[in-house]
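An overview of the molecular structure
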Amino acid sequence: MDNRRVFLKKAALGTMFLTTPKTVINVFDRDFKSNRPPKDKRKFVSVAVEKTIETIKKSIKDKEIAWMFENCFPNTLDTTVQYYEKNGKPYSYVITGDIDAMWLRDSSAQVWPYLSLAKEDTKLKDMLKGVINKQCECVLLDPYANAFYNDPSQKSEWVNDQTEMKPGVHERKWEIDSLCYVVRLAYGYWKETNDGSIFGSQWKQMAETIIRTFTDQQRKESKGLYHFQRQNGNPLDTQFAGGFGNPTKKVGLIHSMFRPSDDATFYPFLISSNMFAVVSLRQLSKLFRNVYKDISLAEKASALADEVDNAIKNYAILNHPDAGKIFPLEIDGFGNALFMDDANVPNLLSIPYLGYTEVNHDVYQNTRKFSLSHNNPWFNSGKFAKGIGGPHVGENKIWPLGLIMQALTSNDDDEILYCLRTLKTTHAGTGFIHESFDVDHPEDFSRSWFAWANTLFGELILHLHKERPELLSKDL
(Lines give C-alpha, C1' and ligand atoms only; values in the text may rest on other atoms or scores of the structure.)
Protein backbone atom coordinates (compact mmCIF):
# COMPACT_ATOMS: atom_id res chain seq x y z
CA MET A 1 0.00 0.00 0.00
CA ASP A 2 1.26 3.47 -0.84
CA ASN A 3 2.25 5.55 2.16
CA ARG A 4 4.49 8.46 3.06
CA ARG A 5 7.50 6.25 3.66
CA VAL A 6 7.64 4.41 0.34
CA PHE A 7 11.07 4.74 -1.27
CA LEU A 8 11.38 4.49 -5.02
CA LYS A 9 14.58 3.95 -6.91
CA LYS A 10 15.28 6.08 -9.97
CA ALA A 11 18.27 7.03 -12.15
CA ALA A 12 21.22 8.57 -10.32
CA LEU A 13 22.73 12.02 -10.86
CA GLY A 14 26.17 13.15 -9.82
CA THR A 15 27.65 16.29 -8.34
CA MET A 16 30.13 17.40 -5.71
CA PHE A 17 28.84 19.04 -2.55
CA LEU A 18 29.75 22.67 -1.88
CA THR A 19 30.94 23.19 -5.41
CA THR A 20 28.61 24.42 -8.13
CA PRO A 21 26.35 21.37 -8.63
CA LYS A 22 26.36 20.05 -12.18
CA THR A 23 24.26 17.23 -13.54
CA VAL A 24 26.27 14.37 -15.02
CA ILE A 25 25.93 14.57 -18.79
CA ASN A 26 23.90 11.94 -20.65
CA VAL A 27 22.43 10.31 -17.54
CA PHE A 28 18.92 10.89 -18.84
CA ASP A 29 17.13 12.31 -21.85
CA ARG A 30 18.57 15.78 -22.45
CA ASP A 31 15.75 16.79 -24.80
CA PHE A 32 13.63 17.66 -21.77
CA LYS A 33 10.37 16.40 -23.21
CA SER A 34 7.39 17.19 -21.03
CA ASN A 35 6.57 14.62 -18.37
CA ARG A 36 3.02 15.88 -17.99
CA PRO A 37 0.12 13.54 -18.70
CA PRO A 38 -1.30 13.71 -22.25
CA LYS A 39 -3.82 16.53 -22.59
CA ASP A 40 -6.80 14.19 -22.66
CA LYS A 41 -5.62 12.54 -19.40
CA ARG A 42 -5.24 15.70 -17.34
CA LYS A 43 -7.67 16.03 -14.45
CA PHE A 44 -8.17 19.78 -14.78
CA VAL A 45 -7.00 22.31 -17.36
CA SER A 46 -6.65 26.06 -16.80
CA VAL A 47 -6.04 28.41 -19.70
CA ALA A 48 -4.39 30.92 -17.35
CA VAL A 49 -2.01 28.31 -15.97
CA GLU A 50 -1.06 27.13 -19.46
CA LYS A 51 -0.35 30.72 -20.56
CA THR A 52 1.73 31.30 -17.44
CA ILE A 53 3.83 28.22 -18.12
CA GLU A 54 4.46 29.37 -21.67
CA THR A 55 5.39 32.90 -20.58
CA ILE A 56 7.65 32.00 -17.68
CA LYS A 57 9.45 29.22 -19.51
CA LYS A 58 10.68 31.81 -22.00
CA SER A 59 12.26 33.82 -19.18
CA ILE A 60 14.22 30.84 -17.76
CA LYS A 61 17.61 30.43 -19.35
CA ASP A 62 18.43 27.08 -17.81
CA LYS A 63 16.58 24.47 -19.89
CA GLU A 64 16.43 21.92 -17.11
CA ILE A 65 14.89 24.35 -14.61
CA ALA A 66 12.39 25.42 -17.29
CA TRP A 67 11.54 21.76 -17.90
CA MET A 68 11.06 21.12 -14.19
CA PHE A 69 8.79 24.17 -13.93
CA GLU A 70 6.67 22.94 -16.83
CA ASN A 71 6.32 19.53 -15.17
CA CYS A 72 5.81 20.70 -11.59
CA PHE A 73 3.73 23.88 -11.63
CA PRO A 74 0.58 22.28 -13.15
CA ASN A 75 1.06 18.92 -11.41
CA THR A 76 -1.76 19.49 -8.92
CA LEU A 77 -4.19 20.33 -11.73
CA ASP A 78 -2.89 17.61 -14.03
CA THR A 79 -3.09 14.75 -11.57
CA THR A 80 -4.92 15.43 -8.30
CA VAL A 81 -8.08 17.52 -8.82
CA GLN A 82 -11.56 16.03 -8.99
CA TYR A 83 -13.94 18.91 -9.74
CA TYR A 84 -17.72 18.57 -9.48
CA GLU A 85 -20.82 20.50 -8.51
CA LYS A 86 -23.25 19.69 -5.71
CA ASN A 87 -26.40 21.60 -4.83
CA GLY A 88 -25.38 24.30 -7.27
CA LYS A 89 -21.97 24.83 -5.61
CA PRO A 90 -18.50 23.93 -6.91
CA TYR A 91 -16.47 21.33 -5.03
CA SER A 92 -12.89 20.22 -5.60
CA TYR A 93 -11.47 17.08 -4.03
CA VAL A 94 -7.68 17.40 -4.21
CA ILE A 95 -5.62 14.35 -3.30
CA THR A 96 -2.04 14.66 -2.10
CA GLY A 97 -0.64 12.51 -4.91
CA ASP A 98 0.27 8.88 -4.29
CA ILE A 99 -2.25 8.61 -1.44
CA ASP A 100 -5.91 8.82 -2.40
CA ALA A 101 -6.88 11.25 0.35
CA MET A 102 -7.22 15.01 0.74
CA TRP A 103 -5.02 16.59 3.37
CA LEU A 104 -6.25 20.02 4.50
CA ARG A 105 -2.67 21.28 4.58
CA ASP A 106 -1.50 19.77 1.31
CA SER A 107 -4.58 20.71 -0.70
CA SER A 108 -4.32 24.34 0.43
CA ALA A 109 -0.64 24.56 -0.41
CA GLN A 110 -1.13 22.69 -3.69
CA VAL A 111 -3.54 25.29 -5.11
CA TRP A 112 -2.10 28.39 -3.39
CA PRO A 113 0.12 29.48 -6.33
CA TYR A 114 -2.90 29.52 -8.63
CA LEU A 115 -4.70 32.25 -6.66
CA SER A 116 -2.94 35.04 -8.53
CA LEU A 117 -4.37 33.69 -11.80
CA ALA A 118 -7.97 33.29 -10.61
CA LYS A 119 -9.20 36.62 -12.01
CA GLU A 120 -7.97 35.61 -15.47
CA ASP A 121 -9.75 32.26 -15.60
CA THR A 122 -13.33 31.68 -14.45
CA LYS A 123 -12.91 27.93 -14.59
CA LEU A 124 -9.84 28.11 -12.34
CA LYS A 125 -11.66 30.45 -10.00
CA ASP A 126 -14.51 27.95 -9.64
CA MET A 127 -12.01 25.17 -8.93
CA LEU A 128 -10.46 27.25 -6.13
CA LYS A 129 -13.90 27.98 -4.69
CA GLY A 130 -14.50 24.26 -4.87
CA VAL A 131 -11.44 23.53 -2.72
CA ILE A 132 -12.64 26.05 -0.13
CA ASN A 133 -16.13 24.51 -0.11
CA LYS A 134 -14.77 20.98 0.20
CA GLN A 135 -12.44 21.97 3.03
CA CYS A 136 -15.35 23.60 4.83
CA GLU A 137 -17.29 20.35 4.54
CA CYS A 138 -14.30 18.41 5.90
CA VAL A 139 -13.71 20.65 8.92
CA LEU A 140 -17.37 20.52 9.86
CA LEU A 141 -17.18 16.73 9.69
CA ASP A 142 -14.20 16.64 12.08
CA PRO A 143 -11.99 19.64 12.96
CA TYR A 144 -9.38 17.34 14.51
CA ALA A 145 -8.78 15.25 11.38
CA ASN A 146 -5.95 16.02 8.99
CA ALA A 147 -7.00 14.00 5.92
CA PHE A 148 -10.32 13.01 4.33
CA TYR A 149 -11.97 10.94 1.62
CA ASN A 150 -14.50 12.17 -0.89
CA ASP A 151 -16.41 8.93 -0.53
CA PRO A 152 -17.47 8.37 3.11
CA SER A 153 -17.80 4.63 2.46
CA GLN A 154 -14.09 4.37 1.66
CA LYS A 155 -12.28 2.47 4.41
CA SER A 156 -9.10 3.89 5.92
CA GLU A 157 -6.10 1.76 6.80
CA TRP A 158 -6.17 3.70 10.09
CA VAL A 159 -9.76 2.84 10.98
CA ASN A 160 -8.61 1.09 14.17
CA ASP A 161 -6.73 4.08 15.57
CA GLN A 162 -7.71 4.76 19.17
CA THR A 163 -9.56 8.00 18.54
CA GLU A 164 -12.99 8.93 17.22
CA MET A 165 -12.80 7.88 13.57
CA LYS A 166 -15.79 8.95 11.46
CA PRO A 167 -16.84 7.85 7.96
CA GLY A 168 -15.07 10.07 5.43
CA VAL A 169 -11.96 10.54 7.59
CA HIS A 170 -8.72 9.06 6.28
CA GLU A 171 -6.57 10.03 9.25
CA ARG A 172 -7.30 11.84 12.52
CA LYS A 173 -4.03 13.41 13.58
CA TRP A 174 -4.65 16.75 15.29
CA GLU A 175 -2.35 19.33 13.72
CA ILE A 176 -2.95 23.04 14.30
CA ASP A 177 -1.71 23.89 10.83
CA SER A 178 -4.49 21.89 9.14
CA LEU A 179 -7.06 24.48 10.22
CA CYS A 180 -4.67 27.38 9.63
CA TYR A 181 -4.18 26.38 6.01
CA VAL A 182 -7.95 26.34 5.49
CA VAL A 183 -8.18 29.93 6.74
CA ARG A 184 -5.13 30.99 4.74
CA LEU A 185 -6.57 29.71 1.47
CA ALA A 186 -9.99 31.32 1.90
CA TYR A 187 -8.53 34.60 3.10
CA GLY A 188 -5.98 34.61 0.26
CA TYR A 189 -8.70 33.90 -2.29
CA TRP A 190 -10.79 36.78 -0.95
CA LYS A 191 -7.87 39.22 -0.98
CA GLU A 192 -6.85 38.20 -4.49
CA THR A 193 -10.30 38.16 -6.12
CA ASN A 194 -12.44 40.39 -3.87
CA ASP A 195 -15.04 37.64 -4.17
CA GLY A 196 -16.88 37.20 -0.88
CA SER A 197 -19.36 34.65 -2.24
CA ILE A 198 -17.53 31.83 -0.47
CA PHE A 199 -18.33 33.31 2.93
CA GLY A 200 -21.81 32.01 3.54
CA SER A 201 -23.39 30.66 6.71
CA GLN A 202 -21.60 27.31 6.40
CA TRP A 203 -18.17 28.92 6.18
CA LYS A 204 -18.95 31.07 9.21
CA GLN A 205 -20.00 27.96 11.10
CA MET A 206 -16.68 26.39 10.18
CA ALA A 207 -14.75 29.48 11.28
CA GLU A 208 -16.49 29.40 14.67
CA THR A 209 -15.62 25.70 14.90
CA ILE A 210 -11.96 26.54 14.31
CA ILE A 211 -11.96 29.09 17.14
CA ARG A 212 -13.67 26.59 19.47
CA THR A 213 -11.15 23.91 18.55
CA PHE A 214 -8.17 26.18 19.18
CA THR A 215 -9.69 27.23 22.51
CA ASP A 216 -10.41 23.64 23.51
CA GLN A 217 -6.81 22.72 22.74
CA GLN A 218 -5.48 25.41 25.06
CA ARG A 219 -6.73 22.88 27.65
CA LYS A 220 -7.14 25.41 30.43
CA GLU A 221 -9.97 23.56 32.16
CA SER A 222 -9.47 19.94 31.07
CA LYS A 223 -7.45 17.69 28.77
CA GLY A 224 -9.72 18.66 25.90
CA LEU A 225 -11.78 16.62 23.49
CA TYR A 226 -8.97 15.04 21.50
CA HIS A 227 -6.80 12.00 22.14
CA PHE A 228 -4.99 9.67 19.76
CA GLN A 229 -3.01 6.45 19.83
CA ARG A 230 -1.94 4.07 17.07
CA GLN A 231 -0.77 0.51 17.55
CA ASN A 232 1.60 0.12 14.59
CA GLY A 233 4.82 0.16 16.63
CA ASN A 234 6.11 3.44 15.20
CA PRO A 235 6.60 5.95 18.05
CA LEU A 236 6.26 8.87 15.62
CA ASP A 237 2.72 7.72 14.82
CA THR A 238 1.26 7.77 18.32
CA GLN A 239 1.06 9.96 21.42
CA PHE A 240 2.08 9.74 25.05
CA ALA A 241 -0.04 9.68 28.20
CA GLY A 242 -3.09 7.86 26.96
CA GLY A 243 -3.12 9.80 23.71
CA PHE A 244 -3.19 13.28 25.28
CA GLY A 245 0.54 13.97 24.96
CA ASN A 246 3.19 14.95 27.46
CA PRO A 247 2.16 17.27 30.34
CA THR A 248 2.19 21.03 29.84
CA LYS A 249 1.87 24.19 31.88
CA LYS A 250 -1.24 25.97 30.64
CA VAL A 251 0.19 29.28 29.43
CA GLY A 252 -2.27 30.12 26.64
CA LEU A 253 -0.57 28.23 23.82
CA ILE A 254 -2.49 25.70 21.72
CA HIS A 255 -1.59 22.02 21.97
CA SER A 256 -0.77 20.22 18.71
CA MET A 257 -0.42 16.46 18.94
CA PHE A 258 1.27 16.20 15.55
CA ARG A 259 3.62 18.22 13.38
CA PRO A 260 2.93 19.09 9.73
CA SER A 261 5.08 16.07 8.85
CA ASP A 262 2.34 13.98 10.54
CA ASP A 263 4.93 12.98 13.18
CA ALA A 264 3.99 13.16 16.85
CA THR A 265 5.12 16.17 18.83
CA PHE A 266 7.32 15.53 21.87
CA TYR A 267 6.36 18.73 23.67
CA PRO A 268 2.78 19.63 22.70
CA PHE A 269 3.30 23.38 22.19
CA LEU A 270 4.47 23.38 18.58
CA ILE A 271 5.70 26.95 18.19
CA SER A 272 5.70 27.38 14.40
CA SER A 273 2.10 26.14 14.28
CA ASN A 274 1.07 28.43 17.14
CA MET A 275 2.59 31.31 15.16
CA PHE A 276 0.55 30.23 12.14
CA ALA A 277 -2.54 30.18 14.38
CA VAL A 278 -1.90 33.81 15.38
CA VAL A 279 -1.86 34.79 11.70
CA SER A 280 -5.00 32.76 10.95
CA LEU A 281 -6.95 34.14 13.91
CA ARG A 282 -6.16 37.70 12.86
CA GLN A 283 -7.34 36.88 9.35
CA LEU A 284 -10.54 35.44 10.81
CA SER A 285 -11.02 38.61 12.83
CA LYS A 286 -10.83 40.70 9.66
CA LEU A 287 -13.31 38.43 7.89
CA PHE A 288 -15.77 38.52 10.78
CA ARG A 289 -15.51 42.30 10.90
CA ASN A 290 -15.47 43.16 7.20
CA VAL A 291 -17.52 40.39 5.59
CA TYR A 292 -19.90 39.14 8.27
CA LYS A 293 -20.13 42.45 10.21
CA ASP A 294 -19.92 40.40 13.39
CA ILE A 295 -17.91 42.54 15.79
CA SER A 296 -18.29 40.12 18.70
CA LEU A 297 -16.68 37.23 16.81
CA ALA A 298 -14.04 39.56 15.38
CA GLU A 299 -13.03 40.60 18.87
CA LYS A 300 -13.08 37.00 20.08
CA ALA A 301 -10.70 35.89 17.32
CA SER A 302 -8.45 38.89 17.89
CA ALA A 303 -8.29 38.29 21.64
CA LEU A 304 -7.32 34.65 21.16
CA ALA A 305 -4.64 35.69 18.66
CA ASP A 306 -3.21 38.17 21.15
CA GLU A 307 -3.22 35.59 23.94
CA VAL A 308 -1.32 33.05 21.86
CA ASP A 309 1.07 35.69 20.54
CA ASN A 310 1.87 36.94 24.04
CA ALA A 311 2.51 33.38 25.18
CA ILE A 312 4.95 32.88 22.29
CA LYS A 313 6.83 36.04 23.25
CA ASN A 314 6.88 35.14 26.95
CA TYR A 315 7.71 31.43 26.72
CA ALA A 316 9.13 30.66 23.27
CA ILE A 317 12.15 32.94 22.89
CA LEU A 318 14.95 30.99 24.53
CA ASN A 319 18.73 31.07 24.70
CA HIS A 320 20.55 28.42 22.72
CA PRO A 321 24.21 27.92 23.76
CA ASP A 322 25.50 28.48 20.22
CA ALA A 323 22.73 30.27 18.33
CA GLY A 324 21.69 32.83 20.97
CA LYS A 325 18.05 33.88 21.29
CA ILE A 326 15.94 31.70 19.01
CA PHE A 327 12.51 30.14 18.71
CA PRO A 328 12.53 26.43 19.65
CA LEU A 329 10.35 24.06 17.68
CA GLU A 330 8.43 22.76 20.71
CA ILE A 331 8.06 23.64 24.39
CA ASP A 332 5.98 22.45 27.34
CA GLY A 333 5.64 25.73 29.26
CA PHE A 334 7.65 24.34 32.19
CA GLY A 335 10.95 25.47 30.67
CA ASN A 336 11.68 22.37 28.60
CA ALA A 337 12.26 22.85 24.88
CA LEU A 338 13.09 20.92 21.74
CA PHE A 339 15.76 22.75 19.74
CA MET A 340 15.41 21.46 16.19
CA ASP A 341 13.69 22.32 12.93
CA ASP A 342 11.78 20.07 10.56
CA ALA A 343 11.47 20.69 6.83
CA ASN A 344 7.67 20.51 6.71
CA VAL A 345 5.77 23.80 6.60
CA PRO A 346 4.95 25.42 8.97
CA ASN A 347 8.43 25.10 10.39
CA LEU A 348 10.66 27.70 12.01
CA LEU A 349 12.24 28.53 8.65
CA SER A 350 8.83 29.43 7.18
CA ILE A 351 7.76 31.99 9.82
CA PRO A 352 7.97 35.05 7.51
CA TYR A 353 6.56 33.15 4.53
CA LEU A 354 3.39 32.53 6.54
CA GLY A 355 3.21 36.14 7.71
CA TYR A 356 4.06 35.91 11.40
CA THR A 357 7.16 38.10 11.31
CA GLU A 358 9.49 39.89 8.89
CA VAL A 359 12.55 38.20 7.40
CA ASN A 360 14.87 40.69 9.11
CA HIS A 361 13.46 40.07 12.61
CA ASP A 362 16.46 39.50 14.91
CA VAL A 363 15.17 36.35 16.63
CA TYR A 364 14.00 34.92 13.32
CA GLN A 365 17.41 35.52 11.75
CA ASN A 366 19.11 33.73 14.65
CA THR A 367 16.57 30.93 14.31
CA ARG A 368 17.09 30.71 10.57
CA LYS A 369 20.86 30.40 11.00
CA PHE A 370 20.27 27.69 13.58
CA SER A 371 17.85 25.80 11.31
CA LEU A 372 20.35 25.85 8.44
CA SER A 373 23.31 24.69 10.50
CA HIS A 374 24.49 21.53 12.21
CA ASN A 375 23.22 22.94 15.51
CA ASN A 376 19.89 21.71 14.14
CA PRO A 377 20.05 17.92 14.62
CA TRP A 378 17.97 17.42 11.46
CA PHE A 379 20.18 19.52 9.20
CA ASN A 380 21.91 17.03 6.94
CA SER A 381 24.77 17.36 4.50
CA GLY A 382 26.57 15.04 2.13
CA LYS A 383 28.16 14.74 -1.29
CA PHE A 384 25.17 16.09 -3.19
CA ALA A 385 23.40 18.60 -0.96
CA LYS A 386 22.87 20.18 2.42
CA GLY A 387 19.52 21.12 3.93
CA ILE A 388 16.82 20.37 6.46
CA GLY A 389 15.32 16.92 6.81
CA GLY A 390 13.34 15.52 9.71
CA PRO A 391 12.61 12.39 11.73
CA HIS A 392 9.77 11.38 9.40
CA VAL A 393 12.23 9.81 6.94
CA GLY A 394 15.32 9.55 9.14
CA GLU A 395 18.93 10.63 9.00
CA ASN A 396 20.89 11.66 5.91
CA LYS A 397 17.74 12.76 4.11
CA ILE A 398 16.85 16.24 2.85
CA TRP A 399 13.34 17.44 2.09
CA PRO A 400 13.13 19.59 -1.06
CA LEU A 401 10.31 21.47 0.71
CA GLY A 402 13.03 22.77 3.02
CA LEU A 403 15.26 23.85 0.14
CA ILE A 404 12.35 25.64 -1.55
CA MET A 405 11.38 27.39 1.68
CA GLN A 406 15.02 28.36 2.22
CA ALA A 407 14.96 30.11 -1.15
CA LEU A 408 11.56 31.73 -0.51
CA THR A 409 12.80 33.26 2.76
CA SER A 410 16.19 34.42 1.51
CA ASN A 411 17.38 37.84 0.36
CA ASP A 412 20.74 36.43 -0.71
CA ASP A 413 21.08 35.74 -4.45
CA ASP A 414 23.85 33.20 -3.95
CA GLU A 415 21.78 31.26 -1.42
CA ILE A 416 18.77 31.23 -3.74
CA LEU A 417 20.91 30.06 -6.65
CA TYR A 418 22.38 27.31 -4.47
CA CYS A 419 18.88 26.06 -3.68
CA LEU A 420 17.89 26.12 -7.36
CA ARG A 421 21.04 24.24 -8.39
CA THR A 422 20.50 21.65 -5.69
CA LEU A 423 16.88 21.10 -6.71
CA LYS A 424 18.04 20.81 -10.30
CA THR A 425 20.69 18.20 -9.58
CA THR A 426 18.78 15.99 -7.13
CA HIS A 427 15.49 15.19 -8.86
CA ALA A 428 17.03 11.92 -10.10
CA GLY A 429 16.17 12.53 -13.74
CA THR A 430 12.43 12.59 -13.11
CA GLY A 431 11.76 16.29 -13.59
CA PHE A 432 9.67 16.33 -10.42
CA ILE A 433 10.23 17.26 -6.79
CA HIS A 434 10.12 14.48 -4.21
CA GLU A 435 9.36 14.23 -0.52
CA SER A 436 12.99 13.54 0.43
CA PHE A 437 16.26 12.25 -0.98
CA ASP A 438 19.49 10.85 0.41
CA VAL A 439 22.28 13.43 0.63
CA ASP A 440 24.78 10.95 -0.86
CA HIS A 441 22.42 9.07 -3.19
CA PRO A 442 19.67 11.31 -4.66
CA GLU A 443 18.29 8.33 -6.57
CA ASP A 444 17.17 7.04 -3.16
CA PHE A 445 14.11 9.20 -2.71
CA SER A 446 10.62 8.97 -1.24
CA ARG A 447 7.37 9.70 -3.05
CA SER A 448 7.63 10.02 -6.82
CA TRP A 449 4.20 11.71 -6.86
CA PHE A 450 4.05 14.41 -4.21
CA ALA A 451 1.99 17.28 -5.58
CA TRP A 452 2.61 19.74 -2.73
CA ALA A 453 6.37 19.73 -3.36
CA ASN A 454 5.86 20.05 -7.11
CA THR A 455 3.52 23.00 -6.85
CA LEU A 456 5.67 24.74 -4.23
CA PHE A 457 8.59 24.54 -6.66
CA GLY A 458 6.34 26.20 -9.22
CA GLU A 459 5.51 28.86 -6.63
CA LEU A 460 9.23 29.53 -6.11
CA ILE A 461 9.75 30.06 -9.84
CA LEU A 462 6.73 32.41 -9.99
CA HIS A 463 8.14 34.31 -7.00
CA LEU A 464 11.55 34.69 -8.64
CA HIS A 465 10.00 35.69 -11.95
CA LYS A 466 8.23 38.53 -10.15
CA GLU A 467 10.80 39.57 -7.55
CA ARG A 468 14.23 38.51 -8.89
CA PRO A 469 13.88 37.82 -12.64
CA GLU A 470 17.62 38.24 -13.16
CA LEU A 471 18.23 34.98 -11.32
CA LEU A 472 16.14 33.06 -13.86
CA SER A 473 18.22 34.53 -16.66
CA LYS A 474 21.29 32.70 -15.39
CA ASP A 475 22.44 29.34 -16.72
CA LEU A 476 22.66 27.17 -13.64
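In this text the structure is predicted, and so the values were computed from the model without any measurement. (Residues numbered from 1 in each chain as written. Predicted model: local features only at pLDDT ≥ 70, side-chain atom pairs only at ≥ 80, totals over all residues. Heavy atoms only, no water.)

Some words on the overall build of the protein
A tally of helices and strands in the protein yields 14 helices and 16 strands. Computed over the C-alpha atoms, the radius of gyration of the protein is 21 Å, within 12% of the 23 Å expected from 2.2 N^0.38 for a compact globule of 476 residues. Overall, the C-alpha framework of the protein stretches about 65 × 60 × 45 Å when taken along its three principal axes. Long-range pairs, those at least 24 residues apart, make up 69% of the contacts in the protein with a sequence separation of at least 6. Taken as a whole, the protein presents about 18,200 Å² of accessible surface, with 48% of it coming from carbon and sulfur. Charge separation in the protein, taken as the distance between the mean sites of 58 positive and 60 negative side-chain charges, equals 3 Å. (Helix = DSSP H or I, 4+ residues; strand = E, 2+ residues; numbered from the N terminus. Rg over C-alpha atoms; globule rule 2.2 N^0.38 Å. Contact = heavy atoms within 4.5 Å. Areas by Shrake-Rupley, 256 points an atom, 1.4 Å probe, with all protein chains shown as cover. Lys, Arg positive; Asp, Glu negative; His and termini not counted. Charge placed at Lys NZ, Arg CZ, Asp CG, Glu CD.)

Notes on the side chain of Ser436
Looking at the element boundaries, Ser436 is found in strand 15 (residues 436-438). One polar contact links Ser436 to Ser446, side chain to side chain, over a distance of 2.7 Å. (Polar contact = N/O pair within 3.5 Å; in protein donor to acceptor, adjacent residues only side chain to side chain.)

Notes on the sheet that holds strand 4 (residues 102-103)
Here we have 3 strands laid out as an open sheet, ordered 4-5-6, and antiparallel in their pairing. The two strands at the open ends of the sheet, each matched to only one other strand, are strand 4 and strand 6 (169-171). Where strand 5 (residues 147-148) meets strand 6, 2 bridges bridge the pair, whose relative direction is antiparallel. Looking at the pairing, Ala147 lines up with Glu171 of strand 6. (Pairing = 2+ DSSP bridges.)

Some details on the packing of helix 2 (residues 63-72) against helix 12 (residues 413-425)
Their axes nearest at 10 Å, the elements helix 2 and helix 12 cross at an angle of 75°. In this view, helix 2 runs roughly perpendicular relative to helix 12, as classed from their interaxial angle. Here helix 2 contributes Glu64, Ile65 and Met68 to the contact with helix 12, which in turn contributes Leu420, Leu423 and Lys424. Broken down by class, the residue content of the contact of helix 2 with helix 12 amounts to 4 nonpolar, no polar and 2 charged. (Axes fitted to C-alpha atoms, helices over the stretch in contact; angles between N-to-C directions. Parallel < 35°, antiparallel > 145°, perpendicular 65-115°, else oblique. Nonpolar A, V, L, I, M, F, W, Y, C, P; charged D, E, K, R; others polar.)

Looking at the confidence of the model for the protein
For the protein, mean pLDDT is 93; residues scoring 70 or higher make up 94% of the total. Confidence drops under pLDDT 50 across residues 1-29; counting only partners more than four residues distant or on other chains, this segment forms 86 contacts. (pLDDT = per-residue confidence, 0-100.)

Remarks on the environment of Gln110
Relative to the elements of secondary structure, Gln110 occurs in helix 4 (residues 104-111). When its relative accessible area of 0% is taken as the criterion, Gln110 is described as buried. Residues Gln110 and Ser92, 18 residues apart in the sequence, show an inter-C-alpha distance of 12 Å. Aside from chain neighbours lying at most four places away, what touches Gln110 is Thr76, Thr80, Val94, Ile95, Thr96, Ala451, Trp452 and Thr455. Among the polar contacts listed, one links the side chain of Gln110 to the side chain of Thr80, at a separation of 3.4 Å. (Buried < 20%, exposed > 50% of the residue type's maximum accessible area, 1.4 Å probe, protein only.)

A look at the nonpolar core
Residues Met127, Trp203, Phe214, Leu284 and Phe457 are the most contacted members of the largest nonpolar core, which totals 148 residues. Top element by residues in this core is helix 6 (residues 176-193). It accounts for 11 residues. Phe214 has contacts with Trp174, Ile176, Leu179, Cys180, Ile254, Ala277, Leu281 and Leu304, leaving out every residue within four places of it along the chain. (Core = buried A, V, L, I, M, F, W, Y, C linked by side-chain atoms within 4.5 Å.)

Topic: the layout of surface pockets
Put simply, the largest pocket is a space of about 920 Å³. Surrounding the largest pocket, 29 residues form its lining, Trp112, Arg184, Glu192, Glu459 and Lys466 being those nearest its centre. Elements supplying a minimum of two residues to the lining of the largest pocket: helix 1 (47-59), helix 6, helix 8 (271-290) and helix 13 (451-467). Ranked by the residues each element gives to the lining of the largest pocket, the list is headed by helix 13, at 6 residues. (1 Å grid on protein atoms, 1.4 Å probe; cavity = no way out; pocket = protein on both sides within 12 Å on 5 of 7 lines; lining within 4 Å. Points joined across faces, edges and corners; volume = space filled by probe spheres on them.)

Topic: the pattern of salt bridges
In this structure the tally under the stated criterion is 28 salt bridges. Across the pair Glu137 and Lys86 runs a salt bridge whose closest N-O atoms are separated by 2.6 Å. Of this pair, Glu137 sits in helix 5 (residues 122-141) while Lys86 sits in strand 2 (residues 81-86); the two residues are 51 residues apart in sequence, bridging distant segments of the chain. We note a salt bridge from Arg282 to Asp309, for which the minimum N-O separation is 3.3 Å. On the criterion of sequence distance, the pair formed by Arg282 in helix 8 and Asp309 in helix 9 (residues 295-315) is long-range, its members being 27 residues apart. (Salt bridge = Lys/Arg side-chain N within 4 Å of Asp/Glu carboxyl O.)

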